[in-house]
Amino acid sequence: MNEKEQRFLATPEKGEVSALLIHPNDATHLLVLGHGASTNMRHATLRSIAERLAEVGIATFRYNFPYSEHGKGRDGQAVCTQTIRSAIEAAHKTAPNLPLLAGGHSFSGRMTSTAASESPLEGVAGLVFFSFPLHLAGKPETKRADHLAQVSVPMLFLSGTRDELAEMSLLKPVVQKLGSRATLHELDTADHGYKVLKKTRASNEDVFVEMARVVRDWAASFERT
């Protein structure tokens, strides 16, 4: 699948970072897609998400944070949220006619919702969280979700039933409290990185194919309302 490599200015202080665009001919939306805390835009999980999304007509704009671009310690929250806003702007320029979605796997999903809670993300119609990291492993709590009440656009949570960073008994009430703006899709037997237990998984559908299908249908449904 063809990827177009680009660069954009993350912040004036941190300089430019890399991005990868996959734009299928039948694209209906463009998802600005961030990576996990200790990975980068080329990680196998993010690539699988992007490739399966392309197969259902969702274009993706994957990007690096400055720290992952340069191999340094993780940037502070302000740099990360500004990078997300810059990525959204850059993505819009590549496909100005496509409705925008934003989100990411784990850390970047949380940073995207944090940015959206501070002020609306320009042009973004909805947020997609691939394994929202509700808490640290072995330390169940919900403080990381407090800011979600300030997000005004629809949100989709794609979370595995074995995710050690988001116990389902805690995540479900968090999503329910957000009301009609939030949708939770449980991925049977999947963990935080979407590894599944094939012997006990109820569905034969590939987990990445399942997520792409759900994103496509979700995006289409709230655009009709």
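Residues numbered from 1 in each chain as written. Predicted model: local features only at pLDDT ≥ 70, side-chain atom pairs only at ≥ 80, totals over all residues. Heavy atoms only, no water.

In the annotation of an unreviewed UniProt entry, the protein is listed under the name Alpha/beta hydrolase and assigned to Gemmata obscuriglobus.

A. Just the UniProt feature "domain: KANL3/Tex30 alpha/beta hydrolase-like" (unreviewed entry) in the protein, in detail. In the numbering used here, UniProt assigns the "domain: KANL3/Tex30 alpha/beta hydrolase-like" (unreviewed entry) feature to residues 29-219. Helix makes up 37% of residues 29-219 and strand 19%. Its end C-alpha atoms lie 8 Å apart. (UniProt positions renumbered as here; feature names shortened; annotations may be inferred. Helix = DSSP H or I, 4+ residues; strand = E, 2+ residues; numbered from the N terminus.)

B. Structural detail: the side chain of Thr 11. Along the polypeptide, Thr 11 turns up in strand β1 (residues 4-11). Thr 11 gets classed as buried once you look at its relative accessible area, which sits at 3%. (Buried < 20%, exposed > 50% of the residue type's maximum accessible area, 1.4 Å probe, protein only.)

C. The packing of aromatic side chains, seen in detail. Within this structure, the stated rule accounts for ten aromatic pairs. Consider the rings of Phe 8 and Tyr 63, whose centres lie 6.4 Å apart with planes at 70 degrees: the pair is edge-to-face. With Phe 8 in strand β1 and Tyr 63 in strand β4 (residues 58-63), this pair connects stretches of sequence that are 55 residues apart. Residue Phe 8 is classed as buried on the basis of its relative accessible area of 6%. Residue class for Tyr 63 comes out buried when judged on its relative accessible area of 0%. Ring centres of Phe 65 and Phe 107 lie 5.7 Å apart, and the angle between their planes is 70 degrees; this geometry places the pair in the edge-to-face category. You can see Phe 65 sitting in the loop between β4 and α2 (66-70) and its partner Phe 107 sitting in helix α4 (residues 107-118), a full 42 residues away along the chain. For Phe 65, a relative accessible area of 0% translates into the label buried. The structure contains a cluster of three or more aromatic residues connected by ring pairs, namely Phe 8, Phe 61, Tyr 63, Phe 65, Tyr 67 and Phe 107. A cation over an aromatic ring shows up here: Arg 74 above the ring of Phe 107, its NZ or CZ 4.7 Å from the ring centre. (Phe/Tyr/Trp six-rings, centres within 6.5 Å; stacked < 30°, edge-to-face > 60°. Lys NZ or Arg CZ within 6 Å of the ring centre and 35° of its normal.)

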